[in-house]
Amino acid sequence: THVAGIIGATTDNGIGVAGITWTGVKILPVKASPNSGIGTFPQDALIRAVQYCIDQKSNVVNMSLGGPAASDIPDMTDPLTQLILNATQQGIVFVAAAGNWFVEGNFPVYPAHIASISDYFLAVAAVGPRREHAAYSQARPYTTVAAPGGNSMVTGIETDDILSTLPGGNYGYAMGTSMSAPHVSGAVAILLSQGVKPGDVKKLLQ
């Protein structure tokens, strides 16, 4: 809910926050993690989730998730990687969280590392409210851009994080590259809505 609000929260209604896309974007929420395992994403569930996005003809897929990978270069035999690359051939743009040190450690992040081989895949690092590199954020050779992700880990100030929607009509702050990715997904949606070709989005944002 927090991620979706960053992308497309209702605007001009006098309450809460404004989504990046401002107006006219449809959000397709897809559940790929069990309730009891926040941060746990079984690969078969992710594959079904991505396939569902493809079947529903999504234009942008935000992936505020990830886990440690063995290399900066993706394993081309991995089923999820193959599915994502096939989807990019249909013009779907993927945006993924670059990763957080306190979760993945000093390892490349899957699936963010797919950005190293695809113009249709963006890996997003985080900056704090003063445009500083957020202390927790990964930044590797395949990282595409950085976007606001909060930095209260360093500043100790809750309002230095990202305010967005929460379940039950509430609002709250959160921090991480999972918050950075939807800022970029919203920007991608705006570009696509203006007729930019999917394969040109990455270089324009960079």
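Now for a quick tour of the structure. Keep in mind it's a predicted model, so treat the numbers as computed, not measured.

1. Brief notes about the packing of helix H2 (residues 43–55) against helix H3 (residues 79–88)
Contact pair H2 / H3: the axes reach a minimum separation of 10 Å and the direction vectors enclose 10°. Between H2 and H3, the angle is such that the two are roughly parallel. Across from Gln43, Leu46, Ile47, Val50, Gln51 and Ile54 in H2, the residues of H3 making contact are Pro79, Leu80, Leu83, Ile84 and Ala87. Taken together, the residues that form the contact of H2 with H3 break down as 9 nonpolar, 2 polar and no charged.

2. Considering the side chain of Ser180
Of note, Ser180 is situated in helix H6 (residues 177–193). Only 3.2 Å separates the side chain of Ser180 from the backbone oxygen of Ala147, close enough to count as a polar contact. If near-sequence neighbours (up to four positions away) are discounted, Ser180 is found in contact with Val124, Ala125, Ala126, Ala147, Pro148 and Gly149.

3. Structural notes on the pairing of strand S5 (residues 121–127)
Taking burial as the measure, the 7 residues of S5 include 7 buried ones, the bulk of the element. Of the two faces of S5, the one lined by Phe121, Ala123, Ala125 and Val127 and the one lined by Leu122, Val124 and Ala126 are each fully buried. When strand S3 (residues 93–97) meets S5, the two strands line up parallel, connected through 4 bridges. Bridge pairing links Val95 to Leu122 in S5. Of the pairings in the sheet, the one linking S5 to strand S6 (residues 145–148) comprises 4 bridges and is parallel in character. Its bridge partner lying in S6, Val127 is registered against Pro148.

4. Points about the packing of aromatic side chains
Scanning the model with the defined rule gives 1 aromatic pair in all. Arranged with centres 6.0 Å apart and planes meeting at 5°, the rings of Phe94 and Phe121 form a pair that is stacked. Of this pair, Phe94 sits in strand S3 while Phe121 sits in strand S5; the two residues are 27 residues apart in sequence, bridging distant segments of the chain. With relative accessibility at 0%, the residue Phe121 sits in the buried group.

The rules we used
Residues numbered from 1 in each chain as written. Predicted model: local features only at pLDDT ≥ 70, side-chain atom pairs only at ≥ 80, totals over all residues. Heavy atoms only, no water. Axes fitted to C-alpha atoms, helices over the stretch in contact; angles between N-to-C directions. Helix = DSSP H or I, 4+ residues; strand = E, 2+ residues; numbered from the N terminus. Parallel < 35°, antiparallel > 145°, perpendicular 65-115°, else oblique. Contact = heavy atoms within 4.5 Å. Nonpolar A, V, L, I, M, F, W, Y, C, P; charged D, E, K, R; others polar. Polar contact = N/O pair within 3.5 Å; in protein donor to acceptor, adjacent residues only side chain to side chain. Buried < 20%, exposed > 50% of the residue type's maximum accessible area, 1.4 Å probe, protein only. Pairing = 2+ DSSP bridges. Phe/Tyr/Trp six-rings, centres within 6.5 Å; stacked < 30°, edge-to-face > 60°.

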